[in-house]
Amino acid sequence: MLSLPSFDNKRLIFHAARQTLRKAEMARLAVHEWLNRHDFELEEWKNRTAFELGISISELEQKLLAAAQRQLLMSKKDQEPDSCIPSQSSNE
């Protein structure tokens, strides 16, 4: 049998998760709508940037995706606790 505090904690956790999902879906829809409205401008920017860099559009897209992945990995690394602090070497 669940105690009242335990039940309240589970209810609050469920409510927070539901709110988080709702907010994430609202953000996804807003970004999707913005991208649809600005698709032509984004394509022009990709064409111009690829031309200026002397690479193909697909190469530019690959570079952008790689940069976004690196940024995501760095932000995840920054959010981790400092439990991986290198220890001093004992080979002195």
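These remarks concern the structure in this document. No experiment lies behind these values; they were computed from the predicted model shown.

Observations regarding a nonpolar patch on the surface
And then number 1: Residues Val31, Trp34, Leu35 and Leu42 make up a contiguous nonpolar surface patch of about 340 Å² in total accessible area.
And then number 2: A total of three residues in the nonpolar patch trace back to one element, the largest contributor, which is helix α1 (residues 4–37).
And then number 3: You can see Leu42 is positioned in helix α2 (residues 39–53).
And then number 4: Take Leu42: its relative accessible area is 30%, and that puts it in the partly exposed class.

Overview of the pattern of salt bridges
And then number 1: By the definition in use, this model includes four salt bridges.
And then number 2: For Arg37, the salt bridge identified is with Glu33, shortest N-O distance 3.5 Å. Separated by four residues within a single helix, Arg37 and Glu33 lie in helix α1, roughly one turn from each other.
And then number 3: In this structure Arg37 comes out as exposed when scored by relative accessible area, which is 54%.
And then number 4: Look at Glu33 and you get partly exposed, because its relative accessible area is 47%.
And then number 5: Via salt bridges that share partners, Glu43, Lys46 and Glu61 belong to a single interconnected network.

Here we look at the environment of Thr49
And then number 1: With respect to the secondary-structure elements, Thr49 resides in helix α2.
And then number 2: Residue Thr49 is classed as buried on the basis of its relative accessible area, which comes to 13%.
And then number 3: Sequence separation between Thr49 and Leu60 is eleven residues, and the spatial gap between their C-alpha atoms is 8.0 Å.
And then number 4: Within the structure, the side chain of Thr49 is placed 2.8 Å from the backbone oxygen of Trp45, a separation counted as a polar contact.

What to know about α2
And then number 1: Helix length check: α2 (15 residues) gives 21 Å between terminal C-alpha atoms against 21 Å at 1.5 Å per residue, within 8%.
And then number 2: Listing the buried residues of α2 in full gives Lys46, Thr49 and Ala50. All buried residues of α2 lie within an arc of 100° about the axis, which places them on one face of the element. Opposite the packed face of α2, turned more than 90 degrees from it, sit the exposed residues Phe40, Phe51 and Glu52.
And then number 3: Taken together, the buried residues of α2 touch α3 (57–79).
And then number 4: Backbone geometry just downstream of α2 places Gly54 in the positive-phi region, at approximately 75°.

Some thoughts on the environment of Ser58
And then number 1: With respect to the helices and strands, the residue Ser58 is situated in helix α3.
And then number 2: Taking the relative accessible area as the measure of exposure, Ser58 reaches 40% and is therefore partly exposed.
And then number 3: A sequence separation of twelve residues divides Ser58 from Lys46, and the C-alpha atoms of the two residues are 9.5 Å apart.

Here is what the cut-offs are and how they apply
- Residues numbered from 1 in each chain as written.
- Predicted model: local features only at pLDDT ≥ 70, side-chain atom pairs only at ≥ 80, totals over all residues.
- Heavy atoms only, no water.
- Patch = residues over 30% accessible without salt bridge, like charges linked within 9 Å, V, L, I, M, F, W, Y side chains within 5 Å.
- Areas by Shrake-Rupley, 256 points an atom, 1.4 Å probe, with all protein chains shown as cover.
- Salt bridge = Lys/Arg side-chain N within 4 Å of Asp/Glu carboxyl O.
- Helix = DSSP H or I, 4+ residues; strand = E, 2+ residues; numbered from the N terminus.
- Buried < 20%, exposed > 50% of the residue type's maximum accessible area, 1.4 Å probe, protein only.
- Polar contact = N/O pair within 3.5 Å; in protein donor to acceptor, adjacent residues only side chain to side chain.
- Expected span 1.5 Å × (residues − 1).
- Arc of directions from axis to C-beta.
- Contact = heavy atoms within 4.5 Å.

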